[in-house]
Amino acid sequence: MKTKTTQSLISLFVGFLFISSCTSNKAEVFVEETPRIETFSLEKGKLTTKLRLPAELTGFQQVDIYAKVSSYVKDLKVDIGTKVTRGSSLVVLEAPEINSQLAAAESKLKAMEAIYKTSESTYNRLFKTSEVEGTVSTNDLEMAMGKKESDFAQYQAAVAAHKEVKVMQSYLHIIAPFDGVVATRNVNLGAYVGPAGKGSDMPLLTIQQQDKLRLAVAIPELFTGYLKEGDEVSFQVKSLPDTFQGTVARMSGALDLKLRSERVEMDIDNLDGKLLPGMVAEVNLSLNAKDSTFVVPSSALMDSAEGQFVIKVDENQKALRIPVSVGRDSDGFFEVFGDLKLKEKLVLEASEEIKDGDFINE
């Protein structure tokens, strides 16, 4: 019995040693290796950004017409939708007090003209007589000259006063400043209008030039450097299925302080009258970079609390974070600006786990 027990113990001990030996060999076989990290070579490229922005159509020229003088509407020659030409009559106003002022100014003008002509005639006779020595004293001649100049000044004042009333009277006849269409009408016959009071709350008429329109769009600050005069744009409006074309005609050259955007205008021919002022359009812009810039895939950008970085692989296969600023993006690629050089190696999948100085196994 004792012999069998001893043999069993020996067998168990040998088995334990065998299992321990196997376990030790496995630990030696599975040695952890440094994971491979994919890199790429930095290149330059030109991104094209497709931008869709809301815009507004307005008449190429548009004016609100108000009454300059207090008066009543005597004759209304146009209505909404009326096509007008430059210089054509729109509204005739009536102001009896202006007619009275004009009559008074004309009377005063005639009186002052007569007084001046009399003074001038008197001076001329005295001057001619004074050619004979001793006939007219120097003092009398000077007094006659002074009277003539004084009367002439008053005559000129009467001329100016008469002209002022005539100008005021001309405001009673309102004419079209340019070819266009009457877009709004806010008065009727007999209505009181003027520069003060309830009659001046709204314009009498609004005239728009509709055969040519302005398309105005606000370009965000980030994209202002990619658009220039002469660039082609396309746009659509909700009420029509067509796609319309235009060219950039004017750029403000400054940013709106509230929206931080630049106002850009396009001139749109509208001879067929399909487009209406006031329509909201959707503009399609293709913004092409002027110069080549460094372009990286989005996965190569790392965002952290300290900013945005790409991870460079130096000649010793060591990682180095390079701070960058980001420009436009297109189809998963970004423009980056920083201390970068062409053909440098960057990590394709940037991660915060990769620290400066880490070995990069490509």
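Residues numbered from 1 in each chain as written. Predicted model: local features only at pLDDT ≥ 70, side-chain atom pairs only at ≥ 80, totals over all residues. Heavy atoms only, no water.

- Per an unreviewed UniProt entry, the recorded name for the chain is Efflux transporter, RND family, MFP subunit, and the organism is Cyclobacterium marinum.

1. A closer look at the layout of surface pockets
- Taken as a whole, the largest pocket encloses approximately 250 Å³ of empty space.
- As for the largest pocket, its lining consists of 14 residues, of which Lys83, Gly180, Val181, Gln210 and Asp211 are closest to the centre.
- Within the residue set of the lining of the largest pocket, elements represented by two or more residues are strand E6 (83–84) and strand E9 (180–185).
- For the lining of the largest pocket, the per-class residue count stands at six nonpolar, five polar and three charged.
- Estimates place the volume of the second largest pocket at around 160 Å³. (1 Å grid on protein atoms, 1.4 Å probe; cavity = no way out; pocket = protein on both sides within 12 Å on 5 of 7 lines; lining within 4 Å. Points joined across faces, edges and corners; volume = space filled by probe spheres on them. Helix = DSSP H or I, 4+ residues; strand = E, 2+ residues; numbered from the N terminus. Nonpolar A, V, L, I, M, F, W, Y, C, P; charged D, E, K, R; others polar.)

2. Some remarks on the sheet that holds E9
- Judged by pairing direction, the sheet is antiparallel, and its four strands sit side by side in the order E4-E11-E9-E6 without closing on themselves. Edge positions in the sheet fall to strand E4 (62–65) and E6, since each of these pairs with one other strand and no more.
- Bridging between E6 and E9 involves two bridges; their strand directions are antiparallel. Counted as the bridge partner of lysine 83 is valine 181 from E9. (Pairing = 2+ DSSP bridges.)

3. Observations regarding the side chain of glutamate 262
- The topology assignment puts glutamate 262 in strand E15 (residues 261–269).
- For glutamate 262, a relative accessible area of 8% puts it in the buried group.
- Engagement of the side chain of glutamate 262 in a polar contact is seen with the backbone nitrogen of glycine 253, the distance being 2.9 Å.
- Not counting residues within four places of it along the chain, the set of residues in contact with glutamate 262 comprises Val217, Ala218, Ile219, Thr224, Met251, Ser252, Gly253, Ala254 and Leu255. (Buried < 20%, exposed > 50% of the residue type's maximum accessible area, 1.4 Å probe, protein only. Polar contact = N/O pair within 3.5 Å; in protein donor to acceptor, adjacent residues only side chain to side chain. Contact = heavy atoms within 4.5 Å.)

4. Details of the pattern of salt bridges
- Considering all chains together, one arrives at 13 salt bridges under this definition.
- The residue glutamate 265 makes a salt bridge to arginine 263 at a minimum N-O spacing of 3.1 Å.
- A relative accessible area of 12% places glutamate 265 in the buried class.
- On the basis of relative accessibility, which here comes to 46%, the residue arginine 263 falls in the partly exposed class.
- Here the salt bridges share partners, and the residues they tie into one network are Arg214, Arg250, Arg263, Glu265 and Asp267. (Salt bridge = Lys/Arg side-chain N within 4 Å of Asp/Glu carboxyl O.)

5. Notes on the sheet that holds strand E16 (residues 280–288)
- Read around the barrel, six strands follow the order E3-E12-E15-E14-E13-E16 and close on themselves; strand pairing throughout is antiparallel. Adjacent strand axes in the sheet meet at a mean angle of 40° when their direction is disregarded.
- One ladder, built from five bridges, connects strand E14 (residues 244–255) with E15; its direction is antiparallel. Bridging from a neighbouring strand, threonine 247 pairs with aspartate 267 of E15. (Axes fitted to C-alpha atoms, helices over the stretch in contact; angles between N-to-C directions.)

6. Some points on the nonpolar core
- Ranked by internal contacts, the top residues of the largest apolar core, which has 25 residues, are Leu57, Leu215, Phe235 and Leu275.
- Discounting chain neighbours no more than four positions away, the residues touching leucine 215 are Ala55, Glu56, Leu57, Phe235, Val264, Glu265, Met266, Ile268, Ala281 and Val283.
- Counting residues in hydrophobic clusters, the runner-up holds 22 residues, among them Val91, Leu93, Ala176 and Ile207. (Core = buried A, V, L, I, M, F, W, Y, C linked by side-chain atoms within 4.5 Å.)

7. What to know about the confidence of the model for the chain
- Looking at the chain, pLDDT values average 85 and 89% of them are 70 or higher.
- Predicted confidence for residues 1–6 stays below pLDDT 50, and this span has zero contacts to residues more than four positions away or in other chains.
- Counting interchain partners and residues more than four positions distant, the pLDDT-below-50 stretch residues 16–31 has zero contacts. (pLDDT = per-residue confidence, 0-100.)

8. Let's talk about the packing of helix H2 (residues 96–129) against helix H3 (residues 138–170)
- Contact pair H2 / H3: the axes reach a minimum separation of 8 Å and the direction vectors enclose 160°. As far as their axial angle goes, H3 and H2 are roughly antiparallel. Classified by chirality, the crossing of H3 by H2 is left-handed.
- Broken down by class, the residue content of the contact of H2 with H3 amounts to 20 nonpolar, six polar and nine charged. (Parallel < 35°, antiparallel > 145°, perpendicular 65-115°, else oblique. Left-handed = near helix turned anticlockwise from the far one by under 90°.)

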